[in-house]
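Close look at the chain arrangement
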Amino acid sequence: MKNKKKFVEEEREQRTQNILRCLRILFRTIQHHSRVIEKECGMSSAKLWMLWEIFNNPGLKVSQLADALIIHASTCSNLLDKLQEAGLVRRKRTNNDQRTVRVFLTEKGTQLLACAPRPAQGRLSEGLSRLPGQYLHELEEGLASLVVMIESIDSTGGMMPMTEK
């Protein structure tokens, strides 16, 4: 019985180490890709991901864009301000409801995307979407439990892009 318990503990330790290794690979991959994007495009991967979303869905409302990026609307607006200052996007109010703002790429934004790499979060989201449903469900439950167990000091962190401070 004692050997079986020791084996279970060793297996648990090995699984923990494997998970930590995988998480490090994911985070470092995102960090590396973000640095590459910053160097090539002069902007964060979060901003580039935003441009890709606008390109794929011209005329998105700010709230829809925030939902697509899984960020707060205020964070989305702040990022849009920077992209608009750089001449990459434009905002347009609809005639029917002046409160509704839609977002479009400018010609400069479209040109930038023509030679830009895909953002790291897009790759991560794409990879997650290809996981079988059972794995996705287990990963979601496991990570949610882990967040609770480590008593995250910033519960709003899930609504901030990884590459923005």
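Scope of this entry: the structure provided in the associated data block.

Calculation notes
Residues numbered from 1 in each chain as written. Predicted model: local features only at pLDDT ≥ 70, side-chain atom pairs only at ≥ 80, totals over all residues. Heavy atoms only, no water. Pairing = 2+ DSSP bridges. Helix = DSSP H or I, 4+ residues; strand = E, 2+ residues; numbered from the N terminus. Contact = heavy atoms within 4.5 Å. Axes fitted to C-alpha atoms, helices over the stretch in contact; angles between N-to-C directions. Salt bridge = Lys/Arg side-chain N within 4 Å of Asp/Glu carboxyl O. Buried < 20%, exposed > 50% of the residue type's maximum accessible area, 1.4 Å probe, protein only. Core = buried A, V, L, I, M, F, W, Y, C linked by side-chain atoms within 4.5 Å. Arc of directions from axis to C-beta.

Overall, antiparallel pairing links the three strands, which are arranged E1-E3-E2 in an open sheet. The sheet terminates laterally at strand E1 (60–61) and strand E2 (89–93), the two strands that pair on one side only. Pairing of E2 with strand E3 (residues 101–105) involves five bridges; the strand directions are antiparallel. What sits directly across from Val89, in E3, is Leu105. Set on the sheet, helix H2 (residues 45–56) makes contact with E1, E2 and E3; between it and E3 the angle comes to about 100°.

Turning to the pattern of salt bridges, a few remarks are in order. Applying the stated criterion across every chain yields a total of three salt bridges. Residues Glu11 and Arg15 are paired through a salt bridge, measuring 3.1 Å at the closest nitrogen-oxygen approach. Here Glu11 pairs with Arg15, and both are found in helix H1 (residues 2–41), just four residues apart, close to one helical turn. For Glu11, a relative accessible area of 32% puts it in the partly exposed group. According to the relative accessible area criterion, Arg15 is exposed, its value standing at 52%.

Our next topic: the environment of Phe104. Tracing the chain through its elements places Phe104 in strand E3. Classification of Phe104 as partly exposed rests on a relative accessible area of 22%. Taking the C-alpha atoms as reference points, Phe104 and Val89, separated by 15 residues in sequence, lie 5.6 Å from one another. Beyond its immediate stretch of four places on either side in the chain, Phe104 contacts Ile54, Pro58, Gly59, Leu88, Val89, Arg90 and Lys92.

Right, let's get into the nonpolar core. Ranked by size, the top nonpolar core spans 27 residues in total, and within it Leu48, Met50, Leu51 and Leu80 carry the most contacts. Counting only elements with at least two residues in this core, the list comes to H1, H2, helix H3 (62–69), helix H4 (73–85), E3 and helix H5 (107–114).

This part covers H5. Listed in full, the buried residues belonging to H5 are Gly109, Leu112 and Leu113. Buried positions in H5, seen along its axis, are confined to an arc of 95° and lie on one side of it. Away from the buried face of H5 by more than 90 degrees, exposed residues Glu107 and Ala114 are located.

Don't take any of this as a statement about function, it's just geometry.
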